[in-house]
Amino acid sequence: MIDRLPHEKGFHVSWDQIHRDARALAWRLDGKGPGEGGAWKAVVGITRGGLVPAMIVSRELDIRVVDTISVKSYNHQAQMEAVVTKSPQTDLMGDGTGILIVDDLVDSGKTLEMVRKLYPKAHFATVYAKPSGRPQVDTYITEVSQDTWIFFPWDMALQYVQPFRGTD
Ligand SMILES: O=P(O)(O)OC[C@H]1O[C@H](OP(=O)(O)OP(=O)(O)O)[C@H](O)[C@@H]1O
Ligand code: HPA
Ligand SMILES: [Mg+2]
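Everything quoted here is computed from the prediction, not taken from an experiment. (Residues numbered from 1 in each chain as written. Chains lettered and ligands numbered in written order. Predicted model: local features only at pLDDT ≥ 70, side-chain atom pairs only at ≥ 80, totals over all residues. Heavy atoms only, no water.)

A closer look at the UniProt feature "binding site: GMP" (unreviewed entry) in the protein
Then comes step 1: As recorded in UniProt, the feature "binding site: GMP" (unreviewed entry) lies at D107, S108, G109, K110, T111, W149 and I150.
Then comes step 2: Within the fold, S108 resides in the loop between β5 (99-106) and α4 (110-118).
Then comes step 3: Polar contacts involving the side chain of S108 include one to the main-chain amide nitrogen of K110, which spans 3.2 Å.
Then comes step 4: With respect to the secondary-structure elements, G109 resides in the loop between β5 and α4.
Then comes step 5: For G109, the residues in contact, after removing those within four places along its chain, are G133 and Q136. (UniProt positions renumbered as here; feature names shortened; annotations may be inferred. Helix = DSSP H or I, 4+ residues; strand = E, 2+ residues; numbered from the N terminus. Polar contact = N/O pair within 3.5 Å; in protein donor to acceptor, adjacent residues only side chain to side chain. Contact = heavy atoms within 4.5 Å.)

Printed below as a string of structure tokens:
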């Protein structure tokens, strides 16, 4: 995982916003598949962050075949290496033709790069994208700068904040 500490900026995403942005992603992908009438064969979510947008996209596009791929990033002597720890169904995937592979975001692009090697004909879609990862993604909704850390609602909690004008 990339360290969030050196990032200059934070982009805080609420449940409402990820829902809206994932819907926008679905609408952009609607009818763009290689099947009859632009149909997609299946949605594959990259665990874990990709499962939320994968669910929303499959719901919007009425795609009932949904699978998952798990990718773990290991840091060996500062060289990031991504390894698949759970594969989607082999007979479903083939070379990826007609498969919509969904993740919450692309950052360095390492995760998508390794999945793309396995399924070169798949379509890769993320809700958010940073510049370094953009070449790896076919469709995305919102771009943020490389020095921005995206905070997702499943990693956050509501908490008290001091008023702007403090009282003592
Ligand atoms: O483009 P990259 O630099 O590879 O980074 C993007 C990936 O990193 C995050 O997942 P993470 O590996 O932290 O796991 P998680 O989804 O289980 O939280 C995010 O959900 C993407 O999958
Ligand atoms: O900006 C980010 N936010 C959350 N998880 C991430 N994993 C890589 N980059 C990010
Ligand atoms: Mg992830």
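What about the site of ligand 2?
Then comes step 1: Taken together, the residues surrounding ligand 2 are L105, D107, K130, W149, I150 and F152.
Then comes step 2: Side-chain polar atom of D107 to a nitrogen atom of ligand 2: 2.7 Å apart, as the coordinates give it.
Then comes step 3: Here K130 contributes a side-chain N or O atom positioned 2.8 Å from an oxygen atom of ligand 2.
Then comes step 4: Coverage of ligand 2 by the protein chains reaches 83% of its 260 Å² of free accessible surface.
Then comes step 5: Of the residues contributing to the shell around ligand 2, the split by class is 4 nonpolar, no polar and 2 charged. (Near = heavy atom within 4 Å. Areas by Shrake-Rupley, 256 points an atom, 1.4 Å probe, with all protein chains shown as cover. Nonpolar A, V, L, I, M, F, W, Y, C, P; charged D, E, K, R; others polar.)

A short note on unusual backbone geometry
Then comes step 1: Note the cis peptide between T47 and R48, where omega equals -5°.
Then comes step 2: For D62, which is not glycine, the phi torsion reads 55° and is therefore positive.
Then comes step 3: Residue D62 is classed as exposed on the basis of its relative accessible area of 52%. (Buried < 20%, exposed > 50% of the residue type's maximum accessible area, 1.4 Å probe, protein only.)

Topic: the site of ligand 1
Then comes step 1: Residues in contact with ligand 1 amount to 13 residues; listed here are only the nearest, R48, D103, D104, S108 and T111.
Then comes step 2: The side chain of D104 places a nitrogen or oxygen atom 2.6 Å from an oxygen atom of ligand 1.
Then comes step 3: Measuring from an oxygen atom of ligand 1, one finds a side-chain N or O atom of T111 at 2.5 Å.
Then comes step 4: Out of a free accessible area of 500 Å², ligand 1 has 79% covered by protein chains.
Then comes step 5: Elements represented by at least two residues in the shell around ligand 1 include exactly β5 and α4.

Here we look at the nonpolar core
Then comes step 1: Judged by nonpolar contacts, the single largest core of 22 residues is most densely connected at L25, L29, V43, V57, L61, L100 and Y128.
Then comes step 2: The set of elements that each furnish at least two residues to this core consists of α1 (15-29), α2 (51-60), β5 and β6 (123-129).
Then comes step 3: By residue number, the principal contributor to this core is α1, which donates 5 residues.
Then comes step 4: Residues contacting L61, with those up to four places away along its chain left out, are A26, L29, D30, W40 and L100.
Then comes step 5: Of all hydrophobic cores here, the second largest spans 19 residues; its members include I46, L92, A129 and V137. (Core = buried A, V, L, I, M, F, W, Y, C linked by side-chain atoms within 4.5 Å.)

Comments concerning the pattern of salt bridges
Pairing between side chains of opposite charge can happen when their charged atoms approach one another.
Then comes step 1: Scanning all chains against the criterion turns up 9 salt bridges.
Then comes step 2: The partner of D95 in a salt bridge is K121, and the shortest N-O contact between them spans 3.7 Å. Within this pair, whereas D95 is found in the loop between α3 (90-93) and β5, its partner K121 is found in the loop between α4 and β6, the two being separated by 26 residues in sequence.
Then comes step 3: Of the charged contacts in the structure, one is a salt bridge between R134 and E143, with a shortest N-O distance of 2.7 Å.
Then comes step 4: The network of salt bridges with common partners includes R23, R59 and E60. (Salt bridge = Lys/Arg side-chain N within 4 Å of Asp/Glu carboxyl O.)

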